[in-house]
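Chain by chain, the residues run as shown.
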Amino acid sequence: MKNCLFKILISAVLTHGFLLWIGPEIVMRKLDSDLESAKNFRSECGERWVGGVVYTNPVCMTETASARKPNPDFLYFIIPYDLSNGDLYVSTPVPENERYWSIHAHNRNTDAYYRITNTEIESDRFELLITQDRNKTADIPIAYASSKKGVVLNRLVMMDFSEYEMLDAFRRTTYREYR
């Protein structure tokens, strides 16, 4: 009996370790696939892939046959990056404090290594530099990535869907480039 319990325990520990090791890769490959499909124009969803930034449309998200749907009260944009092209510079608008806004940077292993909300920012634009160079200095916030590839995720809350057009134009003033 002890031998059987020991085998079950070892199997559980090994399975858990394997899933922790391979799980993030599965998640990121699915995200890569979804981001690649965002390049395909769908008239009902609008232009989703613009200048290396993927903008979501809540109407199109609700049509997706999936259990893992983002919150339809949020407008999202995602910036996939590859630091082998250089450091990533991002400039994005920031709303006033009564509207929730956040930006997160995620490594390839899905760890969020940088996070900030609009209540922590005093200007109407936020600039960020993502790099792997720990010796890099700049006049703007720097996020140090531990992997060459990853994503920047931005969330902006909508009070109701009537705000979509205005907030969509607002978030589309985001700019990114490799430096």
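Residues numbered from 1 in each chain as written. Predicted model: local features only at pLDDT ≥ 70, side-chain atom pairs only at ≥ 80, totals over all residues. Heavy atoms only, no water.

Summed over the entire model, instances satisfying the criterion amount to six salt bridges. Of the charged contacts in the structure, one is a salt bridge between Glu 120 and Arg 115, with a shortest N-O distance of 3.3 Å. According to the relative accessible area criterion, Glu 120 is partly exposed, its value standing at 44%. A residue is classified by how much of its surface remains accessible, and Arg 115, at 48% relative accessible area, is partly exposed. Within this structure, Asp 168, Arg 171 and Arg 172 form a network of salt bridges that share partners. (Salt bridge = Lys/Arg side-chain N within 4 Å of Asp/Glu carboxyl O. Buried < 20%, exposed > 50% of the residue type's maximum accessible area, 1.4 Å probe, protein only.)

A word on the environment of Tyr 178. With respect to the element layout, Tyr 178 can be found in strand E10 (residues 175–178). Separated by 96 residues in sequence, Tyr 178 and Asp 82 have C-alpha atoms that sit 9.1 Å apart. Non-local contacts of Tyr 178, meaning those with residues more than four positions away in its chain, are made with Pro 80, Tyr 81, Asp 82, Asn 85, Gly 86, Asp 87 and Leu 88. (Helix = DSSP H or I, 4+ residues; strand = E, 2+ residues; numbered from the N terminus. Contact = heavy atoms within 4.5 Å.)

What follows covers the side chain of Asp 87. Inspection of the secondary structure puts Asp 87 in the loop between strand E3 (74–82) and strand E4 (88–93). Taking the relative accessible area as the measure of exposure, Asp 87 reaches 13% and is therefore buried. Among the polar contacts made by the side chain of Asp 87, one reaches the side chain of Lys 136 at a distance of 2.8 Å. Discounting chain neighbours no more than four positions away, the residues touching Asp 87 are Leu 129, Ile 130, Thr 131, Gln 132, Lys 136, Glu 177, Tyr 178 and Arg 179. (Polar contact = N/O pair within 3.5 Å; in protein donor to acceptor, adjacent residues only side chain to side chain.)

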